[in-house]
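An overview of the molecular structure
So you can see what is in the structure, the chains are spelled out below.
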Amino acid sequence: MERSLLRQLWPIFSAEAREHLAVIGTGVLDLERDPSQQGVLERVRRTAHSLKGSAGSLGLADLERLAHAVESSLAGFDASEGLSRDAVQAALDAIEGIEGALAAGDAGEEPRVATLDALLSALGVEAHAPAGHTPAAAEIAGQASVDGLEAALAALCTPLEPSERSRAADEAARAAESLARLPGQAERAGRIAGAFRSMAGGGEEAARAAAALAGDLVDLRESLEKGSRPAAAAEASKAEARGDAPTDRSIRVLASALDSLARQLELLTLTEGRHSRRARDLASAEAAMREATGRVEEAATALRSAGVATGRAALVDGVARLRQVAGDVARLAREGRRDAEGQRLAAAVLREDLRALRMVPAGLLLEPVRRVAREVAGRLGRDVEVELTGGEVKLDRRVVDALRDPLVHLVRNAVDHGIESPVERIAAGKPVAGRLSARVEPRGTRVGLVIEDDGRGLDPDAIRRSAVSKGIVTPEAAVRLGEDEVVRLLFQAGFSTAQEVTEISGRGVGLDVVQEALTRLQGTIDVRWEAGRFTRFDLEVPLSLAATAALLFRTGRDVAALPAETVERVLLHEDGELGTVAGRVMLRVGGEQLPYAHLARLLGANAAQAHGSRGVALILRHGGQRAALGVEEILGQQELVVSPLGARVAAVTHLAGAAMLDDGHVVGVLAAPEILRRAHPATAARTAAPRTRVLVADDALTTRSAMKALLEIAGYAVLAAADGEEALALLRESGAQIVVSDVQMPRMDGLGLCRAVKADPKLRSTPVILVTSLDAPEDRAAGLEAGADGYLVKREVERGKLLELVRQLLPARP
Amino acid sequence: MAADGPVDFEALRRRLDDATRSLAGEAGPEARRRILEERAAVVATTREAVRTESVPVLAFRVGGERYAVEVASVFQVLESRGLAPLPAAPPWLLGALVARTRVVPVLDLRLLLGLEGGGMSDLAKVVVVEHEGDVFGLAAEDLEGRIEVPKEGLAPAASGPFHWVAPDRLALLDLARVGLETRG
């Protein structure tokens, strides 16, 4: 990383790193005290992971390695054993080491950890394989060829055709000879080449040579890795020596100073609001005064006509004085209004200036991409071409800060999991070098960050398997998840597709961190891929995090706000526009049906429910999802600065924060993504407890699929069978809470199935609904005689009758 | 002073010599040892005094019990009047209010600690604290004010988010854990 850039980013990194260290330190001590705190363990590992990421993105190898070592030292943590004294000490020493390096960095020195190796080995990490440095090209080549030689050895140890064997051995020997040019490796390379040659013939000699080879290869790898450290250091110092700092006509401003400015500005805006309201109050006081004066005058006139003279002069005098005061009040009101207006304009200009101050070029964000990609590619022996675009787009500094970690995670993932090895790429007919692009593109008030690689794409089946093996979903649920939903699993905590633990992509604390960062930014993340062609992560965040326009409304008895950008529109609806589709309440908006929920009830607030024939609904939109939400009353719109409520309130997921209104009152701001998630019962149900299972038996594929879809939309899990026998087998094997069966089917018909179910002591209590195209009384009688609990004609299925009946007959869940 | 026997001129001379030496700034071996011992004793007591120094805390009352937070972590103390409820908040989250320029959540310590109680009726004060950049309020019935708790006699708490408990049962909250552990 360029030195000037590092210096520019250093205060941010240093402050952030210290926060991370504090979290890790207290966390480790907490774990020592009470090892059963799973949340603490997770927090510490995650924090160490973030620290590793940001250190890595600045090229601070020592810090990155130490943070990684701390993270991995907790990987095998067992709550029943707790942390040993030594482990705690090692972690605290590592923190101290990092703090030392930070202090050095603060003083403008190189942030190095003097006792790195000792600290690493105390944490149980061998002091090899440096994580953060960029190996010199020769070393990368050397390591790659060691990989090749190991592969060749493995191949030669399997039975081969004699001709193929000698060819492979010869090839490997030549590769080994080429290693002789590496400094200090000539002798070992010669020995390895000789050993490969003697493997050409096979037999006992080959076995002896293989054993010797294995040892030599391990030594070779080790010495190459050791050798590359000084080389990397030399390269780094060369880069420093160049010192090619572009002269940028800008000054560095502490983010905290900007925050303070923003808060003061907000206070100013508040007083402005108060001023203009006071001016309005004065104006109405003036009007009231004039009205009262008029009344007094009327009374005076009445008195005069009644012939009362006493006190009349004083009365007239009083009225004149009153008129004068009213005039003064009117002037005060005018002046107040003018002042408030002037203040408002000044505040608006200030806000614009502040917004501009906060904006930094996206290049600052994209800077680490090339380096991270090259470094990971180097470690894995892959070839990657990086393309960066949109570096000139300006972004809120805080957005840049918050996106840095997610971006690095995604780039690492792309090179590690996305882009194939050169061999695979050639086999697939692709160019040897993988392509990785990161681009920033303005999208109105939001900005997109797209990371795309031309690798193998995602493998939904592998994700399913992995999710099942990690206990994130049950095997049955995994099978039923659509591809888009499967991909969502990637973002769940504790998930990683990496088969083995690698330093590069981390240990399953990757994509969930990305998701979390995006949630904090009110951003969205979307994944698109095509098997064998590309994977594209599309992140979208607001351009700026300063004041957002918000809609104020009453929900239940509370006042709440939502960011205006998440509210597509507000509408008054008649009762007739609400209806159920497949058992879900929908609101008809224009030509489409949107899921509807009464917000207060959705949030579980005790709302006094007196629903008239009309209602107010907000159409909420976020990340492609939409829903209509009923509220009591719209109160207005206001610019709000939303304060997050901190870690203690993070568990209250429907709250994004709170803000102060211009009358000084405080209002809760709702989290649109969470509200939408709750408003979509289909997605909510999937993450909930095991769902009710319905077995559907029908020999016609279309009917079967239609019923299956209908039931699944309503939130049930559906098992499908093509005839009675299959249905019975499925029922005995997997079980279901209710059976919906066609009457006419091959092998065993619906009546037969019904009888079999009712005759089986284990299944007897399972309700059976028979569905038939026939609607003759004798058929119905036959069905009931067979023990069916419900009977339905096919054309009634679509009309919601099926769901109604299923709901009626289902045994009450415990 | 009456002398009962012959005057011990030897002893007198020795004392006189000692006095002269100490006036001249040098002490005899006996005196030097004594002086050093005295100094050591003084130094030792000041060290001791440091160790028995007290901790400044802000003490308050909630749910009929006494709690405290370190004075250094107090952000502001407010009346609970400005507290606004948050939509569909759980009972332990009483609402939010403005502390300086920030909007901070206010927590019900009674519920966080699994005690009886609820509602704002008798919570008149809010102690706003800052911990690791997180600012939040703890509702209180009454403020006791700043007090100095001698470090001597502090016992670690058996359970709960406390640093220690004083002999008079004043419990110092461990802000790193308050509201992040078990919720009652």
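Nothing here was measured: the structure is a model prediction, and the numbers come from that model. (Residues numbered from 1 in each chain as written. Chains lettered and ligands numbered in written order. Predicted model: local features only at pLDDT ≥ 70, side-chain atom pairs only at ≥ 80, totals over all residues.)

**Quick notes on the overall build of chain B**
The secondary structure content of chain B amounts to three helices and 10 strands. Mapped from its N terminus to its C terminus, chain B presents α and β elements in the order α-α-β-β-β-β-β-α-β-β-β-β-β. Within chain B, the fraction of its 184 residues that count as buried is 29%. In chain B, once contacts between residues fewer than 6 apart in sequence are set aside, the share between residues at least 24 apart is 55%. (Helix = DSSP H or I, 4+ residues; strand = E, 2+ residues; numbered from the N terminus. Buried ≥ 20, exposed ≤ 12 C-beta atoms within 10 Å, placed from the backbone. Contact = placed C-beta atoms within 7 Å.)

**Some points on helix α4 (residues 85-106) of chain A**
Each α-helix winds once per 3.6 residues, and so residues spaced three or four apart point in a common direction. Residue and element names in this part refer to chain A. In this model α4 runs 31 Å from its N-terminal to its C-terminal C-alpha over 22 residues, within 8% of the 32 Å that 1.5 Å per residue would give. Buried residues of α4: Ala 90, Ala 91, Ala 94, Ile 95, Gly 97, Ile 98, Ala 101, Leu 102 and Gly 105, and no others. Projected onto a plane normal to the axis of α4, the buried residues spread over an arc of 155° and lie on a single side. Opposite the buried face of α4, at more than 90 degrees from it, the exposed residues are Arg 85 and Asp 86. Note on α4: the residue one or two positions beyond its end, Gly 108, has a positive phi of about 85°. (Expected span 1.5 Å × (residues − 1). Arc of directions from axis to C-beta.)

**Digging into the packing of helix α23 (residues 724-733) of chain A against helix α24 (residues 750-759) of chain A**
Residues and elements named next belong to chain A. With their axes 9 Å apart at the nearest point, α23 and α24 run at an angle of 25° to one another. It follows that α23 is roughly parallel to α24 by the angle criterion. Note on packing geometry: the crossing formed by α23 with α24 is right-handed. Counting all contacts with α23, which are made through Gly 724, Ala 727 and Leu 728, the residues of α24 involved are Gly 750, Gly 752, Leu 753 and Ala 756. Across the contact of α23 with α24, the residue classes tally to four nonpolar, three polar and no charged. (Axes fitted to C-alpha atoms, helices over the stretch in contact; angles between N-to-C directions. Parallel < 35°, antiparallel > 145°, perpendicular 65-115°, else oblique. Left-handed = near helix turned anticlockwise from the far one by under 90°. Nonpolar A, V, L, I, M, F, W, Y, C, P; charged D, E, K, R; others polar.)

**Let's talk about the sheet that holds strand β4 (residues 434-443) of chain A**
Residue and element names in this part refer to chain A. Spatial strand order, β2-β4-β5-β7-β6: five strands in an open sheet with mixed pairing. Looking at which strands have only one partner, the edges of the open sheet turn out to be β2 (384-389) and β6 (524-530). In this sheet, neighbouring strand axes are inclined to one another by 10° on average, regardless of whether the strands run parallel or antiparallel. Where strand β5 (residues 446-453) lies against strand β7 (residues 534-542), eight bridges are found, and the strand directions are antiparallel. Its bridge partner lying in β7, Val 450 is registered against Asp 538. Packed on one face of the sheet, helix α12 (residues 363-380) meets β2 and β4 and runs near 175° to β2. The sheet contacts of helix α13 (residues 397-418) involve β2, β4, β5 and β7, and relative to β5 the element is tilted by about 20°. (Pairing = 2+ DSSP bridges.)

**Some thoughts on helix α7 (residues 162-178) of chain A**
Residues and elements named next belong to chain A. A rise of 1.5 Å per residue sets the reference length of α7, with its 17 residues, at 24 Å; its end C-alpha atoms lie 25 Å apart and thus fit the reference within 8%. Within α7, burial applies to Ala 169, Ala 172, Ala 173 and Ala 176. Along the axis of α7, the buried positions cluster into a sector of 105°, meaning they face one direction only. Projecting away from the buried face of α7 at angles above 90 degrees are the exposed residues Ser 163, Glu 164 and Arg 174.

**Side note on the environment of Leu 213 of chain A**
All names here are of chain A. As for its placement among the helices and strands, Leu 213 is situated in helix α9 (residues 203-242). Since 26 C-beta atoms lie within 10 Å of it, Leu 213 is described here as buried. Each C-alpha atom of the pair Leu 213 and Ile 192 lies 6.1 Å from the other, and the pair is 21 residues apart in sequence.

**Examining unusual backbone geometry**
Excluding glycine, a negative phi dihedral is what most residues carry, and trans is how most peptide bonds are arranged. Residues and elements named next belong to chain B. If you check the backbone angles, Ala 88 has positive phi at about 50° while not being a glycine. Along the polypeptide, Ala 88 turns up in the loop between β3 (74-79) and β4 (93-99). Its identity as a non-glycine residue notwithstanding, Arg 169 has a phi of 70°, on the positive side. Mapped onto the secondary structure, Arg 169 falls in the loop between β9 (162-165) and β10 (171-173).

**Some details on the confidence of the model for chain A**
Residue and element names in this part refer to chain A. Averaged over every residue, the pLDDT of chain A is 77; residues scoring 70 or more account for 83%. With pLDDT under 50 throughout, residues 127-138 is counted as low confidence; its partners more than four residues away or in other chains account for 38 contacts. A low-confidence stretch, residues 497-509 stays under pLDDT 50, and its non-local contacts, those more than four residues away or across chains, total 29 contacts. (pLDDT = per-residue confidence, 0-100.)

**Comments concerning the interface of chain A and chain B**
Counting residues at the interface gives 28 residues for chain A, matched by 23 residues for chain B. Taken together, the elements giving at least two residues each to the side of chain A that touches chain B come down to α1 (3-33), α10 (255-305), β9 (558-563), β17 (655-660) and β18 (666-670) of chain A. Looking at the side of chain A that touches chain B, its residues break down into 16 nonpolar, eight polar and four charged.

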